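Secondary and tertiary structure notes
Spelled out, the chains give:
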Amino acid sequence: QVPLVESGGGLVQAGDSLRLSCAASGRTFSSYAVAWFRQAPGKEREFVSGIAWSGTAYNANSVKGRFTISRDNAKNTVYLQLNNLKPEDTAVYSCAARRGTVITAAGAYDNWGQGSQVTVSS
(Lines give C-alpha, C1' and ligand atoms only; values in the text may rest on other atoms or scores of the structure.)
Protein backbone atom coordinates (compact mmCIF):
# COMPACT_ATOMS: atom_id res chain seq x y z
CA GLN A 1 0.00 0.00 0.00
CA VAL A 2 0.95 3.64 -0.39
CA PRO A 3 2.53 5.05 2.78
CA LEU A 4 1.01 8.32 4.02
CA VAL A 5 2.48 10.74 6.55
CA GLU A 6 0.37 13.45 8.18
CA SER A 7 1.44 16.61 9.97
CA GLY A 8 0.09 19.98 11.08
CA GLY A 9 -2.29 19.21 13.93
CA GLY A 10 -2.26 20.97 17.25
CA LEU A 11 -4.12 22.77 20.01
CA VAL A 12 -5.83 26.00 19.00
CA GLN A 13 -8.63 28.28 20.09
CA ALA A 14 -11.95 28.78 18.35
CA GLY A 15 -11.56 30.92 15.27
CA ASP A 16 -7.94 29.92 14.66
CA SER A 17 -6.58 28.12 11.63
CA LEU A 18 -4.45 25.08 10.94
CA ARG A 19 -3.01 23.48 7.86
CA LEU A 20 -2.79 19.72 7.67
CA SER A 21 -0.49 17.97 5.24
CA CYS A 22 -0.59 14.44 3.89
CA ALA A 23 2.52 13.33 2.07
CA ALA A 24 2.71 10.12 0.08
CA SER A 25 5.43 8.12 -1.58
CA GLY A 26 5.24 6.64 -5.04
CA ARG A 27 4.86 7.90 -8.56
CA THR A 28 1.27 6.63 -8.74
CA PHE A 29 -0.03 9.07 -6.13
CA SER A 30 -1.24 11.50 -8.79
CA SER A 31 -3.81 8.97 -9.96
CA TYR A 32 -5.27 8.49 -6.46
CA ALA A 33 -8.24 10.14 -4.87
CA VAL A 34 -7.39 11.45 -1.40
CA ALA A 35 -9.75 12.22 1.43
CA TRP A 36 -9.65 13.48 4.99
CA PHE A 37 -11.66 11.82 7.72
CA ARG A 38 -12.02 12.72 11.36
CA GLN A 39 -13.09 10.93 14.49
CA ALA A 40 -14.10 12.73 17.64
CA PRO A 41 -14.21 11.10 21.08
CA GLY A 42 -17.24 8.85 21.36
CA LYS A 43 -18.24 9.37 17.75
CA GLU A 44 -17.90 7.46 14.52
CA ARG A 45 -15.34 8.39 11.93
CA GLU A 46 -16.77 10.79 9.38
CA PHE A 47 -15.84 12.10 5.98
CA VAL A 48 -14.54 15.67 5.93
CA SER A 49 -13.21 16.46 2.49
CA GLY A 50 -11.86 14.71 -0.56
CA ILE A 51 -10.08 15.55 -3.77
CA ALA A 52 -9.98 13.62 -7.02
CA TRP A 53 -6.94 13.17 -9.22
CA SER A 54 -8.35 15.91 -11.46
CA GLY A 55 -8.44 18.39 -8.58
CA THR A 56 -12.20 18.34 -8.08
CA ALA A 57 -12.99 18.79 -4.40
CA TYR A 58 -15.81 17.46 -2.26
CA ASN A 59 -16.68 18.69 1.22
CA ALA A 60 -18.94 17.62 4.01
CA ASN A 61 -21.70 20.10 4.75
CA SER A 62 -20.31 20.71 8.22
CA VAL A 63 -17.09 22.22 6.87
CA LYS A 64 -18.19 23.95 3.68
CA GLY A 65 -16.89 27.49 3.55
CA ARG A 66 -14.30 26.84 6.27
CA PHE A 67 -12.07 24.01 5.07
CA THR A 68 -10.23 23.85 1.77
CA ILE A 69 -8.57 20.78 0.32
CA SER A 70 -5.88 20.96 -2.33
CA ARG A 71 -3.18 18.80 -3.79
CA ASP A 72 0.24 19.24 -5.28
CA ASN A 73 0.94 16.12 -7.29
CA ALA A 74 4.49 17.21 -8.03
CA LYS A 75 5.17 17.09 -4.28
CA ASN A 76 2.97 14.05 -3.66
CA THR A 77 1.16 16.05 -1.01
CA VAL A 78 -2.45 16.85 -0.17
CA TYR A 79 -3.35 19.72 2.14
CA LEU A 80 -6.35 20.56 4.25
CA GLN A 81 -6.64 24.19 5.30
CA LEU A 82 -8.78 24.48 8.40
CA ASN A 83 -10.13 27.98 8.96
CA ASN A 84 -12.46 29.39 11.59
CA LEU A 85 -12.13 26.30 13.69
CA LYS A 86 -14.88 25.41 16.13
CA PRO A 87 -14.83 23.22 19.24
CA GLU A 88 -16.90 20.64 17.40
CA ASP A 89 -14.02 20.26 14.93
CA THR A 90 -11.95 18.62 17.65
CA ALA A 91 -10.98 15.17 16.42
CA VAL A 92 -8.22 12.99 15.11
CA TYR A 93 -7.82 13.81 11.44
CA SER A 94 -6.59 11.12 9.09
CA CYS A 95 -5.88 11.17 5.39
CA ALA A 96 -6.65 8.25 3.15
CA ALA A 97 -6.04 7.39 -0.48
CA ARG A 98 -7.58 5.05 -2.99
CA ARG A 99 -7.56 4.43 -6.68
CA GLY A 100 -10.61 5.76 -8.44
CA THR A 101 -13.15 8.34 -7.39
CA VAL A 102 -13.67 10.11 -4.08
CA ILE A 103 -15.94 8.11 -1.80
CA THR A 104 -17.28 9.20 1.57
CA ALA A 105 -17.14 5.73 3.13
CA ALA A 106 -13.97 5.15 5.11
CA GLY A 107 -14.03 1.45 4.33
CA ALA A 108 -13.40 2.15 0.67
CA TYR A 109 -9.87 3.41 1.34
CA ASP A 110 -6.89 1.08 1.56
CA ASN A 111 -4.16 3.56 2.46
CA TRP A 112 -4.19 5.59 5.68
CA GLY A 113 -1.98 8.00 7.52
CA GLN A 114 -1.24 7.75 11.23
CA GLY A 115 -3.67 10.51 12.20
CA SER A 116 -3.15 14.00 13.58
CA GLN A 117 -4.91 15.42 16.63
CA VAL A 118 -6.73 18.72 16.24
CA THR A 119 -8.06 20.21 19.46
CA VAL A 120 -10.10 23.41 19.46
CA SER A 121 -10.87 25.11 22.74
CA SER A 122 -13.73 27.53 23.33
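Above this text sits the structure in question.
Figured I'd write up the structure that's included with this text. This one's a predicted model, so the numbers in the text were calculated from it and none came from an experiment.

Points about the pattern of salt bridges
- Under the defined criterion, the tally for this structure stands at 3 salt bridges.
- With a shortest N-O distance of 2.7 Å, Arg38 and Glu46 are connected by a salt bridge.
- Judged by relative accessible area, Glu46 falls into the partly exposed class, the value being 31%.
- Across the pair Asp89 and Arg38 runs a salt bridge, and its minimum N-O distance is 2.9 Å. A residue pair is termed long-range when its members are at least 10 positions apart, and Asp89 in the loop between β8 (77-82) and β9 (91-99) and Arg38 in strand β4 (residues 32-39) qualify at 51 residues.
- The class of Arg38 is buried, set by a relative accessible area of 5%.
- What you see here is one network of salt bridges that share partners, running through Arg38, Glu46, Arg66 and Asp89.

Quick word on the side chain of Arg38
- A polar contact of 2.7 Å, which involves the side chain of Arg38, links it to the side chain of Glu46.
- A polar contact of 2.9 Å, which involves the side chain of Arg38, links it to the side chain of Asp89.
- In this structure, Arg38 is in contact with Glu44, Arg45, Glu46, Val48, Ser62, Val63, Phe67, Glu88, Asp89, Ala91, Val92 and Tyr93, ignoring residues within four places of it in sequence.

Some thoughts on the state of the cysteines
- Scanning the model with the defined rule gives 1 disulfide in all.
- Residue pairing for Cys22: its cysteine sulfur links by disulfide to Cys95, the two sulfurs lying 2.1 Å apart. Looking along the S-S bond of the Cys22-Cys95 disulfide, the torsion reads about 65°, which is the right-handed sense. With Cys22 in strand β3 (residues 18-24) and Cys95 in strand β9, this pair connects stretches of sequence that are 73 residues apart.
- On the accessibility criterion, Cys95 (0% relative accessible area) is buried.

Cut-offs applied
- Residues numbered from 1 in each chain as written.
- Predicted model: local features only at pLDDT ≥ 70, side-chain atom pairs only at ≥ 80, totals over all residues.
- Heavy atoms only, no water.
- Salt bridge = Lys/Arg side-chain N within 4 Å of Asp/Glu carboxyl O.
- Buried < 20%, exposed > 50% of the residue type's maximum accessible area, 1.4 Å probe, protein only.
- Helix = DSSP H or I, 4+ residues; strand = E, 2+ residues; numbered from the N terminus.
- Polar contact = N/O pair within 3.5 Å; in protein donor to acceptor, adjacent residues only side chain to side chain.
- Contact = heavy atoms within 4.5 Å.
- Disulfide = S-S within 2.5 Å.

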